[in-house]
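Close look at the chain arrangement
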Amino acid sequence: MTATWDGLGLRWTVDPGTEVTVEETGPHASCPPVLVLAGVCVVTLVPPEDQTAWRGCAMFLRRLRDQADELATLLEIRVEGRDRVER
């Protein structure tokens, strides 16, 4: 995974070596787990400190999961289509 500035913001380019893990930050509720994407650079998604906002954070993470799944499907379809054209 590499990060570049594209004029609108940061753009992370994912590669097959990018790891995605959930890391515990401590045993207490005040130390919530985080989502880590690690490659050439590291991106950490951290829940808000206010635990009353965690439900909204969970909803965002589920939307992120759903959209990542949609992107994966679109990429697979395009690769399969290109494979058919190249044969």
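Here we summarise the structure given alongside this text.

**Remarks on the state of the cysteines**
Counted according to the given criterion, the structure contains zero disulfides. Among the cysteines around Cys31, which has no disulfide bond, Cys57 carries the closest sulfur, lying 15 Å off. On the basis of relative accessible area, Cys57 is assigned to the buried category, the value being 16%.

**Observations regarding the pairing of strand S3 (residues 19-23)**
With zero of its five residues buried, S3 lies for the most part at the surface. With five bridges connecting them, S3 and strand S4 (residues 34-38) associate as antiparallel partners. Among the inter-strand pairings, Thr21 is bridged to a residue of S4, identified as Val36.

**Here we look at the pairing of strand S2 (residues 10-13)**
Bridging between strand S1 (residues 2-5) and S2 involves four bridges; their strand directions are antiparallel. Looking at the pairing, Ala3 lines up with Trp12 of S2. Connecting S1 to the next strand, S2, in antiparallel fashion are four residues, including Gly7 with a positive phi near 95°.

**Section: the environment of Gly39**
Examined against the element boundaries, Gly39 turns out to sit in the loop between S4 and strand S5 (42-45). Here Gly39 falls in the partly exposed class, since its relative accessible area comes to 41%. Taking the C-alpha atoms as reference, Gly39 lies 9.8 Å from Ala3; in sequence the two are 36 residues apart.

**Section: a negative patch on the surface**
On the surface, Asp69, Glu70, Glu76 and Glu80 cluster together to form a negatively charged patch. Following the sequence through the fold, Glu70 ends up in helix H1 (residues 54-86). Among the residues examined, Glu70 registers a relative accessible area of 43% and is labelled partly exposed.

**Topic: the pattern of salt bridges**
Enumeration according to the criterion identifies two salt bridges in this entry. Of the charged contacts, one joins Asp6 and Arg11 as a salt bridge, the two residues approaching to 2.9 Å between their closest N and O atoms. In this structure Asp6 comes out as partly exposed when scored by relative accessible area, which is 34%. Note on Arg11: relative accessible area 48%, which makes it partly exposed.

**Here we look at the sheet that holds S5**
As summarised here, the arrangement of the three strands in space is S3-S4-S5, forming an open sheet in which the pairing is antiparallel. With partners counted over all chains shown, the strands left at the sheet margins are S3 and S5, one partner each. Going across the sheet, the axis of each strand differs from the next one's by a mean of 20°, ignoring polarity. Sheet topology note: the S4/S5 ladder contains four bridges and is antiparallel. Following the sheet pairing, Leu35 is matched in S5 by Leu45.

Basis of the calculations
Residues numbered from 1 in each chain as written. Predicted model: local features only at pLDDT ≥ 70, side-chain atom pairs only at ≥ 80, totals over all residues. Heavy atoms only, no water. Disulfide = S-S within 2.5 Å. Buried < 20%, exposed > 50% of the residue type's maximum accessible area, 1.4 Å probe, protein only. Helix = DSSP H or I, 4+ residues; strand = E, 2+ residues; numbered from the N terminus. Pairing = 2+ DSSP bridges. Patch = residues over 30% accessible without salt bridge, like charges linked within 9 Å, V, L, I, M, F, W, Y side chains within 5 Å. Areas by Shrake-Rupley, 256 points an atom, 1.4 Å probe, with all protein chains shown as cover. Salt bridge = Lys/Arg side-chain N within 4 Å of Asp/Glu carboxyl O. Lys, Arg positive; Asp, Glu negative; His and termini not counted. Charge placed at Lys NZ, Arg CZ, Asp CG, Glu CD. Axes fitted to C-alpha atoms, helices over the stretch in contact; angles between N-to-C directions.

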